[in-house]
Amino acid sequence: MEAAKMASPKSAPKDAQVPGGTRRGRGGTEGRGAERCPRGPAGYVTTILEDAKIYSSHAKKASVDADDVRLAIQCRTDQSFTSPPPRDFLLDIARQKNQTPLPLIKPYSGPRLPPDRYCLTAPNYRLKALQKKVSSTAGRITVPRLSVGAVSSRPSTPTLGTPSAQTVSVSAKVGAPVSLAGQRFTVQIPSSQPTGKSATPTTPTVQNVLINPSLIGPKNILITTNMVSQGTASDPNPLKRKHEDEDDYDTL
Amino acid sequence: VVVEDQPDVSAVLSAYNQQGDPTLYEEYYSGLKHFIECSLDCHRAELSQLFYPLFVHMYLELVYNQHESEAKSFFERFHGDQECYYQDDLRVLSSLTKKEHMKGNETMLDFRTSKFVLRISRDSYQLLKRHLQEKQNNQIWNIVQEHLYIDIFDGMPRSKQQIDAMVGSLAGEAKREANKAKVFFGLLKEPEFDVPLDDEDEEGENEEGKPKKKKPKKDNVGSKSKKQDPNAPPQNRIPLPELKDSDKLDKVMNMKEAARRVRLGPECLPSICFYTFLNAYQGLTAVDITDDSSMIVGGFADSTVRVWSVTPKKLRSVKTAADLSLIDKESDDVLERIMDEKTASELKILYGHSGPVYGTSFSPDRNYLLSCSEDGTVRLWSLQTFTCLVGYKGHNYPVWDTQFSPYGYYFVSGGHDRVARLWATDHYQPLRIFAGHLADVTCTRFHPNSNYIATGSADRTIRLWDVLNGNCVRIFTGHKGPIHSLAFSPNGRFLATGATDGRVLLWDIGHGLMVGELKGHTDTIYALRFSRDGEILASGSMDNTVRLWDAVKAFEDLETDDFTTATGHINLPENSQDLLLGTYMTKSTPVVHLHFTRRNLLLAAGAYSSQ
């Protein structure tokens with residue numbers, strides 16, 4: 001089979017080597033799309049045969065034989081599919097797990113959830129402030145520092161108990177917002193405000209953003225809503241855009 | 001405790017060795033077949049049990065050792081002789097023609113390395129042994145010893161009918177010792193309460209946990225007997241969460257409802273209220289209803305989980321933390337005030353899974369919802385914020401079923417990886433792994449006392465596992481197809497199971513025996529539920545019907561004694577017709593879920609399918 005397939009590209013007329021061409025001319029091997037055309041869009045057989053050719057040449061064999069094809073099939077299958085663990089492995093880990101006694105349950109400990117990093121309750125964004133346009137003295141940029149863990153007495157914003165201790169990093173590059181790696185959603189509050197306002201270390205609402213993880217889901221729509229409704233003197237456009245994004249997420 | 005199914009190294013290796021000459025396999029098999037067919041009638045039924053496991057094992061040997069043509073002719077010659085209930089297996093086998101096909105098929109590999117259990121009387125066994133130990137039959141004797149475990153009992157040989165009732169699983173039958181362990185099937189004691197009287201009588205007298213004398217007594221409110229039930233587990237055998245005030249209120253509510261409960265029986269059948277999911281386009285894959293029947297959840301093939309309110313009261317989320325700090329925490333209706341009216345709706349849709357949702361379960365306190373999916377995760381959702389809280393990753397393969405413990409906190413899940421896992425909501429890894437099934441675990445249920453878990457599997461067995469130490473304490477065989485529904489009776493003593501073979505089987509947990517068979521359904525049974533006091537068993541099936549069976553009659557006068565347990569001489573009465581109390585057809589809507597309300601109204605759910 002392999003030999004015949006390999007021979008066909010050489011003997012096929014020009015138009016048969018075109019992806020559409022083989023569908024018309026070849027009587028004997030109808031039915032299965034790209035497999036009939038070894039040089040056409042890659043089909044399953046094509047991929048396997050090409051792999052087999054590679055293995056065969058690696059083993060310095062004169063021609064592709066059944067073992068090469070078998071190896072090629074095996075490798076492709078292992079890439080695409082996995083199977084559940086074998087029984088002895090399962091029995092082994094079961095024995096290990098089942099030996100430890102069941103943990104005692106602490107009474108009155110609130111919602112019983114795993115530690116926060118195993119939950120999906122953390123916000124998937126952090127708030128940061130853009131630095132204002134400053135002169136090129138790169139080292140002296142006073143960017144309002146956002147300490148995300150800060151507690152404030154402002155009652156109107158929800159509270160965030162995020163475990164991450166990092167504060168927002170200061171960008172050395174003027175005007176370019178720092179996007180935090182790993183965060184999906186960066187809300188930027190450009191502090192392009194009159195000095196009076198920005199003299200206070202960030203807009204008060206930003207500082208007060210603390211969220212109770214057990215109440216708010218990952219989207220934390222409520223925070224940005226509050227942010228906008230606070231009517232901060234921030235540049236309205238980016239926030240407005242975010243507000244529109246929230247509407248897309250609202251399921252109500 | 002010995003894990004019985006674990007093959008030791010030598011057994012595994014020797015399973016790979018050549019057993020005799022492959023070209024002679026057909027001769028060996030036909031020789032044995034001839035011997036069995038010529039044996040006495042009383043022994044023939046028992047000895048015929050050998051055909052199927054020997055056929056499969058010999059075929060797999062030939063395939064594994066790459067004798068393809070011998071395997072093919074062996075299959076063609078003998079596959080028609082097998083019992084009809086093995087046809088599905090044979091179809092799978094016919095496509096397994098090369099050694100490569102076997103890799104990745106964990107069920108077949110497990111089958112090869114485990115011993116198929118047969119229960120044969122001593123007389124029949126002696127007959128067989130004598131025949132096989134003759135010189136010319138040595139090879140097949142080796143094969144028998146290699147792949148079969150013959151559990152011998154002293155007594156009369158069983159009849160074909162008795163055998164047919166109990167065989168059918170991929171693992172054969174259950175060894176006697178598999179069902180010997182003591183199982184604490186009794187219920188845990190309910191805490192005693194001062195039940196305030198209901199609204200009709202306005203005096204607020206406190207009565208010790210008993211409802212007012214006018215109403216019928218409920219005997220599952222534990223205050224009647226002060227003695228410890230010897231069959232009940234000690235209260236602290238497994239740690240259980242403490243009762244919160246809200247739980248106590250709920251229990252009081254439950255008792256009040258129980259007092260108004262309709263007593264069901266053959267003369268008084270429940271009304272059935274059917275919730276039809278329209279326009280689900282065959283995508284409805286899981287349903288659950290809360291214990292107080294206030295919410296219904298559907299899991300769908302499009303990976304959404306949808307929660308509806310069954311009562312006129314709408315579903316609301318809690319307010320944001322900002323608003324919560326403004327409310328008066330001391331007010332009586334604080335639980336109402338924390339809800340945000342703006343979010344009230346009849347339907348909440350929960351997004352998060354990345355595959356069809358195959359199982360859903362409400363927590364008993366209605367604060368949480370679990371859903372398990374083809375994406376391999378089990379998700380915990382909050383029913384107060386309607387957001388996802390945790391994703392439990394452990395099965396890396398589709399999870400077919402999940403259920404909360406009747407006391408909350410623990411939950412069990414079972415999936416394609418052939419194990420069931422016990423989790424607690426506050427541990428990101430499972431607490432127990434129940435391994436032993438040969439094929440996917442399709443159904444998982446907690447016992448009412450939360451100390452045991454029943455798992456039904458595609459290997460056609462049901463296993464009962466001890467939560468305390470993960471041991472398998474019972475193996476029930478008899479179904480001829482994968483099990484899709486399980487229900488414990490409210491008194492904890494019995495288990496009802498339903499499978500693709502359309503039969504409902506009833507099991508006595510204490511003795512480890514099959515005690516009943518309910519025939520009637522013509523398609524897979526996806527829903528089983530006992531009424532609140534165990535008088536009626538309701539079953540719902542793909543054949544678009546709900547059937548009601550008389551459970552009281554099914555479980556009375558049982559012949560469960562040591563003789564039956566030891567010999568498997570069960571005598572199931574052909575009483576399905578007598579036990580059937582009613583058959584209720586739906587309009588081409590397969591029944592996916594059944595639920596008895598606290599007052600014994602039967603709720604059913606399914607998705608309308610236009611075919």
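Throughout this document, residue positions are counted from 1 along each chain, in the order its sequence is written. The lettering of chains begins at A and the numbering of ligands begins at 1, in the order of writing. Local features in this predicted model are restricted to residues of pLDDT 70 or higher, and side-chain atom pairs are both shown and tallied only at a pLDDT of 80 or more, whereas totals for entire chains, interfaces and linings draw on every residue. Hydrogens are left out, water is left out, and the side-chain values use all remaining heavy atoms of the structure.

- Where an unreviewed UniProt entry is consulted, chain B appears under the name Transcription initiation factor TFIID subunit 5, with the organism given as Manacus vitellinus.
- Per UniProt, chain B carries the Subcellular location (unreviewed entry) text "Nucleus".
- For the record of chain B, the UniProt heading Sequence similarities (unreviewed entry) holds the text "Belongs to the WD repeat TAF5 family." UniProt positions are given in the numbering used here, feature names are shortened, and annotations may be inferred rather than shown by experiment.

- As recorded in an unreviewed UniProt entry, chain A goes by TAF9 factor and comes from Scytalopus superciliaris.
- Check the Sequence similarities (unreviewed entry) section of the UniProt entry for chain A; it says "Belongs to the TAF9 family."
- Checking UniProt for chain A, the heading Subcellular location (unreviewed entry) contains the comment "Nucleus".

Section: the overall build of chain A
Here comes step 1: Strands here are runs of E lasting at least two residues and helices are runs of H or I lasting at least four, both read from the DSSP assignment and numbered beginning at the N terminus. Regarding its fold elements, chain A presents nine helices and four strands.
Here comes step 2: When contacts within chain A are restricted to residue pairs at least 6 apart in sequence, those whose partners lie at least 24 apart make up 64%.
Here comes step 3: Accessible surface computed for chain A: about 15300 Å², of which carbon and sulfur atoms make up 57%. Between two residues, a contact is recorded if the distance between any of their heavy atoms is within 4.5 Å. Note on areas: Shrake-Rupley, 1.4 Å probe, and residue coverage restricted to the protein chains presented here.

Side note on the sheet that holds strand β7 (residues 295-300) of chain B
Residues and elements named next belong to chain B.
Here comes step 1: Within the open sheet, the four strands sit side by side as β6-β7-β8-β9. Their pairing is antiparallel. Of all strands in the sheet, those bounded by a partner on one side alone are β6 (284-289) and β9 (347-350). Put simply, the sheet's adjacent strands are angled 20° from each other on average, direction ignored.
Here comes step 2: Any two strands with at least two DSSP bridges between them are considered paired. One ladder, built from five bridges, connects β7 with strand β8 (residues 305-309); its direction is antiparallel. Within β8, the residue paired with Gly 299 across the bridge is Val 305. Axis angles are defined between N-to-C directions and span 0 to 180 degrees, where every axis is a line fitted to C-alpha atoms and, for a helix, only to the segment in contact.

Details of the interface of chain A and chain B
Here comes step 1: Every contact between the two is made by 44 residues of chain A and, on the other side, 59 residues of chain B.
Here comes step 2: Reported buried area values correspond to the accessible surface (1.4 Å probe) lost by two parts on association, with both partners' losses combined. The largest share of the area that chain A buries against chain B comes from Arg 87, Leu 102 and Arg 112 of chain A, three residues that together contribute 19% of it.
Here comes step 3: Salt bridge, as used here: a side-chain nitrogen of Lys or Arg that lies within 4 Å of a carboxyl oxygen of Asp or Glu. Here chain A is connected to chain B by three salt bridges.
Here comes step 4: Taking the shortest distance from any N to any O, the salt bridge between Glu 100 of chain B and Arg 70 of chain A comes out at 3.9 Å.
Here comes step 5: In the analysis that follows, any N or O atom pair within 3.5 Å is treated as a polar contact, provided that within protein one partner can donate a hydrogen and the other can accept it, and provided that, for residues neighboring in sequence, both atoms belong to side chains. Counting across the interface, chain A meets chain B through 13 residue pairs in polar contact (both at pLDDT 80 or more).
Here comes step 6: At the level of secondary structure, the elements contributing two or more residues to the side of chain A that touches chain B comprise α4 (66-80) and α5 (87-99) of chain A.
Here comes step 7: Ranked by residue count, the leading element in the side of chain A that touches chain B is α5 of chain A, at eight residues.
Here comes step 8: Among the residues making up the side of chain A that touches chain B, the classes are represented as 26 nonpolar, 12 polar and six charged. Note on residue categories: nonpolar means Ala, Val, Leu, Ile, Met, Phe, Trp, Tyr, Cys or Pro, charged means Asp, Glu, Lys or Arg, and polar means any other residue, Gly included.

Quick word on the packing of helix α4 (residues 51-64) of chain B against helix α8 (residues 106-113) of chain B
Residue and element names in this part refer to chain B.
Here comes step 1: The interhelical angle for the contact between α4 and α8, taken along N-to-C directions, is 110°, at an axis separation of 10 Å. If you check the angle between α4 and α8, you find them roughly perpendicular. The crossing of α4 and α8 is left-handed. Packed against α4, whose contacting residues are Val 56, His 57, Leu 60, Glu 61 and Tyr 64, the element α8 presents Met 108, Phe 111 and Arg 112 at the interface.
Here comes step 2: Across the contact of α4 with α8, the residue classes tally to five nonpolar, one polar and two charged. Here the angle decides the label: under 35 degrees means roughly parallel, over 145 means roughly antiparallel, 65 to 115 means roughly perpendicular, and every other value means oblique. Here a crossing is called left-handed whenever its near helix is offset anticlockwise from the far helix by less than a right angle, and right-handed whenever the offset is clockwise.

Details of the domain arrangement of chain B
Residues and elements named next belong to chain B.
Here comes step 1: Taken as a whole, chain B is organised into domain 1 (16-172) and domain 2 (285-325 + 341-555 + 571-605).
Here comes step 2: Here the bounds of each domain stem from an automatic or database domain assignment. Using C-alpha coordinates to define each centre, domain 1 is positioned 36 Å away from domain 2.
Here comes step 3: Contacts between the two partners involve 19 residues from domain 1, matched on the other side by 16 residues from domain 2.
Here comes step 4: The interface formed by domain 1 and domain 2 holds three salt bridges in total.
Here comes step 5: With a closest N to O distance of 3.8 Å, Arg 418 and Glu 106 form a salt bridge.
Here comes step 6: Put simply, domain 1 and domain 2 have nine residue pairs in polar contact (both at pLDDT 80 or more) between them.
Here comes step 7: When residues of the side of domain 1 that touches domain 2 are traced back to their parent elements, those giving at least two are α8 and α11 (160-166).
Here comes step 8: Top contributing element to the side of domain 1 that touches domain 2 by residue count: α11, with five residues.

Notes on the sheet that holds strand β15 (residues 410-415) of chain B
All names here are of chain B.
Here comes step 1: Sheet architecture is open: four strands sit in the order β14-β15-β16-β17, paired in antiparallel fashion. Only two strands of the sheet have a single neighbouring strand rather than two, namely β14 (399-404) and β17 (432-435). Strand-to-strand twist in this sheet, taken as the mean axis angle between neighbours without regard to direction, amounts to 15°.
Here comes step 2: Two elements, β15 and strand β16 (residues 419-424), share five bridges in a ladder whose sense is antiparallel.

Quick look at the UniProt feature "repeat: WD" (unreviewed entry) in chain B
All names here are of chain B.
Here comes step 1: Taken from the UniProt record, the annotation "repeat: WD" (unreviewed entry) applies to residues 277-318, 350-385, 392-423, 434-475, 476-509 and 518-550.
Here comes step 2: Segment residues 277-318 splits into 0% helix and 43% strand. End C-alpha atoms: 28 Å apart.
Here comes step 3: Annotated as residues 518-550, this span is 0% helix and 58% strand, and its ends, taken at the C-alpha atoms, are 10 Å apart.

Regarding unusual backbone geometry
Residue and element names in this part refer to chain B.
Here comes step 1: In this model, Ser 293 sits at a positive phi of 60°, which is unusual for a non-glycine residue.
Here comes step 2: Its location among the elements puts Ser 293 in the loop between β6 and β7.
Here comes step 3: A positive phi is found at Arg 418, a non-glycine position, where the angle reads about 75°.
Here comes step 4: A 1.4 Å probe rolled over the protein chains alone gives each residue an accessible area, and that area as a share of the maximum for its type sets the label: buried under 20%, exposed over 50%, partly exposed in between. We classify Arg 418 as buried; its relative accessible area is 2%.

Focus on the UniProt feature "domain: TFIID subunit TAF5 NTD2" (unreviewed entry) in chain B
Here comes step 1: The UniProt record annotates "domain: TFIID subunit TAF5 NTD2" (unreviewed entry) at residues 20-148 of chain B.
Here comes step 2: Taken end to end, residues 20-148 of chain B is 67% helix and 5% strand, and its first and last C-alpha atoms sit 17 Å apart.

A word on the confidence of the model for chain A
Residues and elements named next belong to chain A.
Here comes step 1: Every residue is assigned a pLDDT by the predictor, reflecting its confidence on a scale from 0 to 100. On average, residues of chain A score 60 in pLDDT, and 36% of them are at 70 or above.
Here comes step 2: When mean pLDDT is compared element by element in chain A, α5 scores highest at 95, while helix α8 (residues 221-229) scores lowest at 38.
Here comes step 3: Here residues 1-12 is a poorly scored stretch, pLDDT under 50, and it has 14 contacts once near neighbours within four places are set aside; other chains count.
Here comes step 4: For residues 15-31, every residue scores under 50 in pLDDT, and the model assigns this stretch 19 contacts once sequence neighbours within four places are set aside.

Some details on the pattern of salt bridges
A side chain of one charge can pair with a side chain of the opposite charge when the charged atoms of the two come close.
Residue and element names in this part refer to chain B.
Here comes step 1: Scanning all chains against the criterion turns up 44 salt bridges over all chains.
Here comes step 2: Among the ionic pairs, Glu 83 bridges to Lys 160, the shortest N-O distance being 3.1 Å. Placement of Glu 83 in the loop between α5 (68-78) and α6 (87-94) and of Lys 160 in helix α11 is noted, with a sequence separation of 77 residues between them.
Here comes step 3: Classification of Lys 160 as partly exposed rests on a relative accessible area of 41%.

So, the packing of aromatic side chains
Here comes step 1: Pairing of aromatic side chains here covers Phe, Tyr and the six-membered ring of Trp, requires ring centres within 6.5 Å, and sorts the geometry by plane angle: under 30 degrees stacked, over 60 edge-to-face, intermediate tilted. Going through the model one piece at a time under the given rule, you end up with 27 aromatic pairs over all chains.
Here comes step 2: Where Tyr 118 of chain A meets Tyr 428 of chain B, the ring centres are 3.6 Å apart and the plane angle is 5°; that geometry is what we call stacked. Of the two residues, Tyr 118 of chain A is situated in the loop between α5 and β1 (125-130) and Tyr 428 of chain B in the loop between β16 and β17; the pairing between them involves two chains.
Here comes step 3: For Tyr 428 of chain B, a relative accessible area of 34% corresponds to the partly exposed category.
Here comes step 4: Ring geometry for Tyr 392 of chain B and Trp 423 of chain B: centres 5.5 Å apart, planes at 55°, overall tilted. One end of the pair, Tyr 392 of chain B, is in strand β13 (residues 387-393); the other, Trp 423 of chain B, is in strand β16, with 31 residues separating them in the sequence. For the pair formed by Tyr 392 of chain B and Trp 423 of chain B, the shared burial category is buried.
Here comes step 5: Clustering of aromatic rings is evident, with ring pairs tying together Tyr 29, Phe 51, Phe 55, Tyr 59, Phe 74, Phe 75 and Phe 78 of chain B.
Here comes step 6: Criterion for a charge above a ring: Arg CZ or Lys NZ at most 6 Å from the ring centre, at most 35 degrees from the ring normal. Over the ring of Tyr 64 of chain B we find Lys 99 of chain B, and its NZ or CZ is 4.7 Å from the ring centre.
Here comes step 7: One cation-aromatic arrangement involves Lys 480 of chain B over Tyr 85 of chain B; the distance from NZ or CZ to the ring centre is 4.8 Å.

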